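The chain contents come next:
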Amino acid sequence: MTAQVIDGKALAAKLKDEMHTQVAELKQQCGRAPGLAVIIVGNDPASHVYVKNKKIACEKVGITSFASELPEETTQEHLLGLIADLNQNPRVDGILVQLPLPAHMDADKVLNAIASDKDVDGFHPYNVGCLAVRQPELRSCTPYGCMKLLETTGVDLHGKEAVVVGASNIVGRPMALELLLAGATVTVAHRFTENLQSHIERADIVIAAAGKQGLIQGEWIKEGAIVIDVGIHRLEDGSLTGDVDFEAASKHAGWITPVPGGVGPMTITMLLANTISAFKNHVGLS
Ligand code: NAD
């Protein structure tokens, strides 16, 4: 079998086109565009690239972005004050704090200070809890993007064996909740999991989000399985790769996402989708 490659870049472009039209209509109807505030603290070059890409994506669909670039030595108190102001700002529908934060800050405390109705990253315990009790509101962007990628296969997820590799708060855990909500039988593997191979071998759906380059060997993949690779690793030559051995896995999987061009573009796209949802909630349209 040779897997069909799921094109996240193309899907993201299509969804952004649709959002562009939707935002223009909302702006006309409500007199303002959705607004996203992006906060970055410190000088991490990769984080600055992510923030720049988020600003460009906002502009492309017509969302207003407000950037706050704070120096490394910013106090947590100052950051919490800024978040409190943005929570009250009626032009701001979404607030995003770019991670990682400097070591002197408590990231959980900072993220929990964002009003849950403006938590467009979907990281707030309230929003993760809503997903857990099957009443999703703002959904974590990467898992939400993975669900959109799975949708393109047309495969009914009910009763399927899904294995999520990784159990972080921002990817693995909400991913497992998404798959459960979709009716899959879900296993979550993590750093203490024994015999990962045996779990992967019976999976109809593999979500690889361990952050370990090449962890998932191609020969482990069940014939016809769907493989979504969340991992991102930069190689010495500057190219990107994932947690899955793409070449070998493609010989067994039915569908597979590439790195780059799979999950990555969908994460930003779902951030925009969440910002539009938050806007609609704020103006009373949902
Ligand atoms: P994390 O380090 O917070 O969590 C990794 C998880 O993997 C942990 O739960 C850990 O227990 C588990 N793990 C580690 N080694 C394992 C092993 N050998 N077997 C099974 N589980 C193992 O990472 P994260 O923030 O969840 O990100 C994971 C990966 O996804 C990273 O490569 C990150 O760069 C990438 N990522 C990509 C996107 C995107 O938009 N494409 C978004 C977020 C994260």
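Described in the following lines is the structure provided in the data block. Source: prediction; values computed, not measured. Within every chain, residues take consecutive numbers counted from 1 along the sequence as written. Local features in this predicted model are restricted to residues of pLDDT 70 or higher, and side-chain atom pairs are both shown and tallied only at a pLDDT of 80 or more, whereas totals for entire chains, interfaces and linings draw on every residue. Just so you know, side-chain values use all the structure's heavy atoms and leave hydrogens and water out.

To continue, consider the overall build of the protein chain. When helices and strands are tallied, the protein chain shows ten helices and eleven strands. For the radius of gyration, the atom set is restricted to C-alpha positions; the globular benchmark scales as 2.2 Å times the number of residues to the power 0.38. The globule rule puts the C-alpha radius of gyration for 286 residues at 19 Å, and the 19 Å found for the protein chain is close to it. Expressed as a percentage of its 286 residues, the buried residues of the protein chain come to 47%. Partitioning the contacts of the protein chain with sequence separation of at least 6, the portion at a separation of at least 24 is 71%. When the accessible surface of the protein chain is summed, it comes to about 13600 Å², and 51% of that surface belongs to carbon and sulfur atoms. Here a strand is any run of E in DSSP of at least two residues, a helix any run of H or I of at least four, and the numbering for each starts at the N terminus. Here's how the labels work: a residue is buried when its accessible area is under 20% of the maximum for its type, exposed when over 50%, partly exposed in between, all with a 1.4 Å probe on protein chains only. Should any heavy atoms of two residues lie within 4.5 Å, those residues are counted as being in contact. Only the protein chains shown count as cover for residues, with accessible areas throughout obtained via the Shrake-Rupley method and a probe of 1.4 Å.

It is worth spelling out the pairing of strand β5 (residues 161-165) at this point. With four of five residues buried, β5 lies mostly within the body of the structure. Relative to strand β6 (residues 185-189), β5 runs parallel, the two sharing five bridges. Residue pairing in the sheet places Val163 in a bridge with Thr187 of β6. With respect to chirality, the unit in which β5 leads through helix α7 (residues 172-181) into the neighbouring parallel β6 is right-handed. Think of it this way: DSSP has to see at least two bridges between two strands before they count as a pair. Seen with its strands pointing away from the viewer, a crossover is right-handed if its path from the first strand over the helix to the second goes clockwise.

In the region of the ligand, 21 residues are neighbours, and Ala167, Ser168, Arg191, Val230 and Thr267 sit closest. Note that an oxygen atom of the ligand is positioned 2.5 Å from one of the side-chain N or O atoms of Ser168. A 3.5 Å cut-off defines polar contacts: any pair of N or O atoms within that distance qualifies, except that in protein one atom must be a possible hydrogen donor and the other a possible acceptor, and neighbouring residues in sequence count only when both atoms are side-chain atoms. Contacts to the ligand include Val230, whose backbone N or O atom sits 3.4 Å from a nitrogen atom. In isolation the ligand has 860 Å² of accessible area, and contact with the protein removes 73% of it. Among the elements that take part in the shell around the ligand, helix α10 (residues 263-282) stands out by supplying three residues, more than any other. Lys, Arg, Asp and Glu make up the charged group, whereas Ala, Val, Leu, Ile, Met, Phe, Trp, Tyr, Cys and Pro make up the nonpolar group; the residues left over, Gly among them, are polar. Across the shell around the ligand, the residue classes break down as ten nonpolar, nine polar and two charged. We call a residue near a molecule or strand when any one of its heavy atoms sits within 4 Å of it.

The next thing to look at is the sheet that holds strand β3 (residues 64-70). Taken in spatial order, the three strands line up as β3-β2-β4 in an open sheet, and their pairing is parallel. Edge positions in the sheet fall to β3 and β4 (94-97), since each has one partner strand and no second. Adjacent strand axes in the sheet meet at a mean angle of 15°, parallel and antiparallel pairs treated alike. Taken together, the seven bridges between strand β2 (residues 35-41) and β3 define a ladder with parallel strand orientation. The residue bridging Gly35 from the neighbouring strand is Thr64, located in β3. All axes here are fitted lines through C-alpha atoms, helices being fitted over the stretch that makes contact, and every angle between N-to-C directions spans 0 to 180 degrees.

Moving on, we come to the sheet that holds β5. As a general point, the strands of a sheet are linked pairwise by backbone hydrogen bonds and lie either parallel or antiparallel. In spatial order, the strands read β1-β11-β8-β7-β5-β6; together these six strands make up an open sheet with parallel pairing. In this open sheet, the two strands that pair with only one neighbour each are β1 (4-5) and β6. In terms of strand pairing, β5 meets strand β7 (residues 205-208) through four bridges, oriented parallel. Residue pairing in the sheet places Val163 in a bridge with Val206 of β7. Where α7 meets the sheet, its contacts fall on β5, β6 and β7, and the angle it forms with β5 comes to roughly 170°.

Geometric values such as these leave the question of function open.
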